[in-house]
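Take a look at the letters that make up each chain.
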Amino acid sequence: MIANRFDSEPSVTLLLVGLGAVSGLMPDLDIDGKLRNKITLSHKVIQAAAQLIGILLIIYSFYEENNMERWMGIGIGFGMMALSAFIKQKHMLIISGVGVLAGGFSLQENWLLLLGIYLLIASLVSHRSYTHSILGIVFFGFIAFHLERSIGIEGVYYACLAGYISHLVADMKLFPFNKRGIKLFLPLSSKEI
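Because the structure is a prediction, the values reported are computed rather than measured.

**A look at the overall build of the protein**
Stage number 1. Per the secondary structure count, the protein includes 9 helices and 0 strands.
Stage number 2. Helices and strands appear in the protein in the N-to-C order α-α-α-α-α-α-α-α-α.
Stage number 3. Over its C-alpha atoms the protein spans a radius of gyration of 21 Å, topping by over 25% the 16 Å that the globule rule assigns to 193 residues.
Stage number 4. Structurally, the protein occupies a C-alpha span of about 65 × 40 × 25 Å along its principal axes.
Stage number 5. For the protein, buried positions account for 38% of its 193 residues.
Stage number 6. Contacts spanning at least 24 positions in sequence make up 61% of the contacts within the protein whose residues lie at least 6 apart.
Stage number 7. Carbon together with sulfur atoms contributes 68% to the accessible area of the protein, which is approximately 11,700 Å² in total.
Stage number 8. A gap of 15 Å separates the mean positions of the 15 positive and 13 negative side-chain charges of the protein.

This is the structure we're talking about:
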């Protein structure tokens, strides 16, 4: 509908459909959502990478650095190896959010900065709470607005918002297959709709 409204070319139509579909999944990135484990790397990959980097830092520091720097490098290497043992799958969305946030800073893209913040918030809130509320819609709307401005394609904002809102409508108690609804008016009301 949005592609038709903006009389989009086929390639733009495909982009809008894809953005709408991805946006429709975004509310389920919260802490208990099933989607967060499917879109992040396995924590074992990050653990292995951190351990490898720690070992390489120890070796490099031992052979290349001066006295104080040598011991600091070795200590940091051992610290990375020790901390990597505490990385669990539930932490991966936080790590992804930090990575997206860093990418936003590096590329100076507001939509990436906001997306990183969204991922960090989503990794901390319970399922069907703030990501399934009007606050979530408004925040995601800011992300979509800045994405549309960044890539300069009309309809991106509306496609993203339509996808996001359609997910919330599908999760409402209006439908008999939903035992739980959404807390649309958080933090003013925690009543499920």
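**Quick look at the side chain of D171**
Stage number 1. With respect to the helices and strands, D171 occurs in the segment after α9 (156-170).
Stage number 2. Looking at D171, its side chain comes within polar contact range of the side chain of R128, at 3.2 Å.
Stage number 3. In contact with D171, other than residues within four places in its own chain, are D28, R128, H132, N178, R180, G181 and I182.

**So, the packing of aromatic side chains**
Stage number 1. Scanning the entire structure with this criterion turns up 8 aromatic pairs.
Stage number 2. Centroid distance Y118 to F139: 6.3 Å. Interplanar angle 20°. Geometry classified as stacked. Here Y118 is found in helix α7 (residues 110-122), whereas its partner F139 is found in helix α8 (residues 134-151), with 21 residues between them in sequence.
Stage number 3. Take Y118: its relative accessible area is 4%, and that puts it in the buried class.
Stage number 4. You can call F139 partly exposed: its relative accessible area is 22%.
Stage number 5. Members of the aromatic cluster, joined through ring pairs, are Y118, F139, F140 and Y164.
Stage number 6. In this structure, R5 packs its charged tip against the face of F6, placed 5.5 Å from the ring centre.

**A closer look at the packing of helix α6 (residues 92-107) against α7**
Stage number 1. Where α6 meets α7, the axes come as close as 7 Å, and the angle between the chain directions of the two elements is 165°. The pairing of α6 with α7 is recorded here as roughly antiparallel in orientation. Our pair here, α6 against α7, has a crossing hand that is left-handed. Along its contact with α6, which presents L93, I94, S96, G97, V98, V100, L101, G103, G104, F105 and L107, the element α7 presents L112, L113, L115, G116, I117, L119, L120 and A122.
Stage number 2. Class assignment of the residues belonging to the contact of α6 with α7 gives a composition of 14 nonpolar, 5 polar and no charged.

Criteria and cut-off values
- Residues numbered from 1 in each chain as written.
- Predicted model: local features only at pLDDT ≥ 70, side-chain atom pairs only at ≥ 80, totals over all residues.
- Heavy atoms only, no water.
- Helix = DSSP H or I, 4+ residues; strand = E, 2+ residues; numbered from the N terminus.
- Rg over C-alpha atoms; globule rule 2.2 N^0.38 Å.
- Buried < 20%, exposed > 50% of the residue type's maximum accessible area, 1.4 Å probe, protein only.
- Contact = heavy atoms within 4.5 Å.
- Areas by Shrake-Rupley, 256 points an atom, 1.4 Å probe, with all protein chains shown as cover.
- Lys, Arg positive; Asp, Glu negative; His and termini not counted.
- Charge placed at Lys NZ, Arg CZ, Asp CG, Glu CD.
- Polar contact = N/O pair within 3.5 Å; in protein donor to acceptor, adjacent residues only side chain to side chain.
- Phe/Tyr/Trp six-rings, centres within 6.5 Å; stacked < 30°, edge-to-face > 60°.
- Lys NZ or Arg CZ within 6 Å of the ring centre and 35° of its normal.
- Axes fitted to C-alpha atoms, helices over the stretch in contact; angles between N-to-C directions.
- Parallel < 35°, antiparallel > 145°, perpendicular 65-115°, else oblique.
- Left-handed = near helix turned anticlockwise from the far one by under 90°.
- Nonpolar A, V, L, I, M, F, W, Y, C, P; charged D, E, K, R; others polar.

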